[in-house]
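Structure at a glance
Here are the chains, one letter per residue:
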Amino acid sequence: MALTLNELAGKIGARILRGDPNMFIDAAANLAEAGPTSIAPFTDLAYADELAKTRAGAVLSKLDAPAGLPQSAALLQSSDPELAFIGAIEALHPARLETPGVDARACVEPGVELGQGVHIGPFALIRSGTRIGARSVIKAHAVIGRDCVVGEDCTIHPRVVFYDNVHLGKRVTIHAGAVLGADGFGYKFRGGRHVKVPQVGCVKLGDDVEIGANACIDRGALGATSVGDGTKIDNLVQIGHNVSIGKHCILCGQAAIAGSSGMDDYAMLGGNAGIGDKAFMGKGSKAGAKAGIMKDVAPGEVVFGYPAEERKSAFRQVAALRRLPQLFERVRALEKLLEKQNDS
Amino acid sequence: MALTLNELAGKIGARILRGDPNMFIDAAANLAEAGPTSIAPFTDLAYADELAKTRAGAVLSKLDAPAGLPQSAALLQSSDPELAFIGAIEALHPARLETPGVDARACVEPGVELGQGVHIGPFALIRSGTRIGARSVIKAHAVIGRDCVVGEDCTIHPRVVFYDNVHLGKRVTIHAGAVLGADGFGYKFRGGRHVKVPQVGCVKLGDDVEIGANACIDRGALGATSVGDGTKIDNLVQIGHNVSIGKHCILCGQAAIAGSSGMDDYAMLGGNAGIGDKAFMGKGSKAGAKAGIMKDVAPGEVVFGYPAEERKSAFRQVAALRRLPQLFERVRALEKLLEKQNDS
Amino acid sequence: MALTLNELAGKIGARILRGDPNMFIDAAANLAEAGPTSIAPFTDLAYADELAKTRAGAVLSKLDAPAGLPQSAALLQSSDPELAFIGAIEALHPARLETPGVDARACVEPGVELGQGVHIGPFALIRSGTRIGARSVIKAHAVIGRDCVVGEDCTIHPRVVFYDNVHLGKRVTIHAGAVLGADGFGYKFRGGRHVKVPQVGCVKLGDDVEIGANACIDRGALGATSVGDGTKIDNLVQIGHNVSIGKHCILCGQAAIAGSSGMDDYAMLGGNAGIGDKAFMGKGSKAGAKAGIMKDVAPGEVVFGYPAEERKSAFRQVAALRRLPQLFERVRALEKLLEKQNDS
């Protein structure tokens, strides 16, 4: 969508410090890739080279007069250029909406409650007892089980599967292929075989949660597996049964949490990091990529490695390990020296 | 479902040691979450605190008179309370059945053989030459390829995909999004490019196998990729081509086995643990979470870490590594002492 | 399919050195599993035992007279028996083709361009503005978003999802359940919550790319996430937004690349290995299974472990770590010796 510089500045709360207010901007781009009708952000002095070379029609910055800004570029100033740039992306590349209504090829079982303005895409299946909140979008091929609740303004991408009893808050986004509510992995070993513990609990997601593509969140064995408001979960993440995740947490791609473990508000789990059995991450704690957490992490603590340890201590170990082959030589030298002393 | 305490005790083979046989129980729950119409298990003295505080209407225990059992709770006694509690979950929260029959929106190609009482859900696709055993449930959106065999009493959850030639035993459960029979990852490098080795084998699963959501089991390049009776595979697990997995194995979430590797009966692979090329886990061996197995594991052995080593040895290394920075200081002190001796 | 030995030899460019040219061969198999109407490859002396015992009707080898070849087996000779065997698999086990045409149960939105001989399977959904190249096969339940381009001779397996703006070259294969073009994982933290950065870029795949089952390739935040010609990506791999992958790379199962990182041509990432933020693998470099790459890898370098290091150095550390508990004892012995010296 094309906007004048003036319209764009108004939408994102920025000031025009340089350039023609009537010029048209039609795309958001990075400094290196922007063309004469694009706006690009300059948010970090590390990008000074890109700034000097940019062909962007307009640059968005916190600064009044960024050094090296090409003459060809208009300048928009904002006290929070990162947030203003998000506004610019939204204004210039608006999300493509789906038409409200139920596609003729969808299957909505009797006993489903659909809110106003809901979209149900082709081949979607909504099972009985389920409630879909106003303006929510259930895209093609999604399967929503029985007795589920999808809050208002949610987006369920193609091919998502909810088993029965999955409850979502408002403004939740679930990406393609995610599975919510499959059986937790629970067995008792008897007579040489694994006897399944029936998994009859549910999944509860708060408001503003986002779940990545092909991620899995198992339902509780008896109670709930829960994810708090504002938590963001990336692709291919695995959440076991009865896990409890707080508010505004971040779980990067391929992270995992074993059954009955969890994390408090604002905790962060790096890519492919995992929380083992009955371990818990405290509020605001962080685990680096591939960390393997085997015991509780204190609030605010940052851990690394496997078994995960406090970051500085872990890094000290990594550094020491690198010099370990050399240490063997030093010890051998000492031994030889003492042997010689004792011989003489 | 509500049952009298007496009915429930009968179904699960427990004795009423205290409480009104005619009271109603309608849910299974943990001690901490149970209410006055719930039954909760007390299977471990570690939960003595929860027992003392529980509001459960009935408690199930191995003990005649568990210390601290609240006056409000009835007491059921069983020689195996864990197994009896599984019975209680099944009795109080029976699985919701699908109606036998083929949904009008399903697509069953000619030349398919359907057993008695089979359910085929909306938008499911069953391709030619395939046989579905009696009472099996193929849920919505499942795609079953050509020349497959699904045994009796299987449950195929929504959106599962079988490529051609996937063979299942009886009472197999496949969770949503799992893919069975995709091409193995095999190429020969010629003339600067990777030439695909056609993957024309099959997948064979025994009886009572369970496969988790979004898990992948590739078909054999020529022969079969096989999973033995009673083996349980969790979400997002990756099984390469021509892998051989024995009976009653456990593979936790995000575990992986590279092509042509495998494990013998009763072996266990922890979460995100992996078996590398041409390595094999012996009978009853176990690998901890995130272990990376690069060579054969002996029967009964327990391994940990990457490269995976015998558990005690691996733990001793982890402990030594933690003290390694300090060891550098001790060696430095020795060196200084000897320098001083030599100087004097 | 059954062929005479003579026909088969002609198709794969091999010479018959022994055996009846009119005998029938109907399967390709390994030496150990081959029967009297199968052809098996003998490509490595390590399989001499299997060769001596094989019941194969014909053996394919580089050698004129492999020692131990059973009398029962015909002999085909080829200068590249691995490649010739690929030809034999293709000839004896031809891929089962889908009938060209659009299935009546598929949903093709207005404004879609379909090339000649395209197959669109049942319940597939092709959205407006998309172009499908000649002879491409879109199997059942695939969802192709808006404004996508699928080149000629591609195969899209069941239940694949493309979001909008996914562009494929020619002869691309995407396996079941893969998701291309889902939102990258990008947020800015403001006022105690994660504000989503809209993801409006695209995905671009070159020619001859293969993507595994349930793999995820996120679209760029603004620009493209790109995969070069001939690159092969295995099951459950995660590719973040704006990642750049060169030509003829190999990414094994469960590998991952964080946003804006990448790899140059001919690089290889082992199973469950990962590239962290803003790291890049040089041309022809290799990372072992489970490696965690935290900084650039030089062209041709081979790395291992986490944090990933040059392979020899990493292995030396692993070996040293194994002997570390013993080193503590040696240092303790030195300390005691010196204490004794100082006491006396």
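Parameters at a glance
- Residues numbered from 1 in each chain as written.
- Chains lettered and ligands numbered in written order.
- Predicted model: local features only at pLDDT ≥ 70, side-chain atom pairs only at ≥ 80, totals over all residues.
- Heavy atoms only, no water.
- Contact = heavy atoms within 4.5 Å.
- Buried area = accessible area lost by both parts, 1.4 Å probe.
- Salt bridge = Lys/Arg side-chain N within 4 Å of Asp/Glu carboxyl O.
- Helix = DSSP H or I, 4+ residues; strand = E, 2+ residues; numbered from the N terminus.
- Nonpolar A, V, L, I, M, F, W, Y, C, P; charged D, E, K, R; others polar.
- Domains from an automatic or database assignment.
- Pairing = 2+ DSSP bridges.
- Phe/Tyr/Trp six-rings, centres within 6.5 Å; stacked < 30°, edge-to-face > 60°.
- Buried < 20%, exposed > 50% of the residue type's maximum accessible area, 1.4 Å probe, protein only.
- Lys NZ or Arg CZ within 6 Å of the ring centre and 35° of its normal.

**A word on the interface of chain C and chain A**
In this assembly, 69 residues from chain C lie in contact with 62 residues from chain A. Here chain C and chain A share an interface that buries about 5300 Å² over both sides, 63% of which is from carbon and sulfur atoms. With its nearest N and O atoms 2.5 Å apart, the salt bridge here joins A:D80 to C:R190. Those elements that place two or more of their residues in the side of chain C that touches chain A are β22 (187-190), β23 (193-196), α4 (311-322) and α5 (324-343) of chain C. Counting residues per element, the side of chain C that touches chain A draws most heavily on α5(C), at eight residues. For the side of chain C that touches chain A, the class distribution of residues is 38 nonpolar, 13 polar and 18 charged.

**So, the domain arrangement of chain A**
On domain assignment, one finds that chain A holds domain 1 (3-92) and domain 2 (101-313). Between domain 1 of chain A and domain 2 of chain A, the C-alpha centre-to-centre distance is 38 Å.

**Regarding the sheet that holds strand β38 (residues 292-293) of chain A**
Across a sheet, paired strands are connected by hydrogen bonds in the backbone, their directions being either parallel or antiparallel. Residue and element names in this part refer to chain A. The strand order across the open sheet built from 10 strands is β9-β12-β15-β18-β21-β26-β29-β32-β35-β38, with neighbouring strands paired in parallel fashion. Strands at the two margins of the open sheet, each flanked by one partner only, are β9 (107-108) and β38. Pairing between strand β29 (residues 238-239) and strand β32 (residues 256-257): two bridges, direction parallel. By the bridge assignment, I239 is partnered in β32 with I257.

**Describing the packing of aromatic side chains**
Following the criterion strictly, the structure yields 15 aromatic pairs over all chains and no others. Look at B:F123 and C:F123: their rings are 5.6 Å apart centre to centre, the planes differ by 80°, and that puts the pair in the edge-to-face class. You can see B:F123 sitting in the loop between β11 (119-120) and β12 (125-126) and its partner C:F123 sitting in the loop between β11 (119-120) and β12 (125-126), one on each of two chains. On the basis of relative accessible area, B:F123 is assigned to the buried category, the value being 2%. Ring centres of B:F185 and B:Y187 lie 5.2 Å apart, and the angle between their planes is 85°; on these two criteria the pair is classed as edge-to-face. No difference in accessibility class separates B:F185 from B:Y187, as the two residues are buried. Note that A:R323 overlies the ring of B:F328, its terminal NZ or CZ placed 4.2 Å from the centroid.

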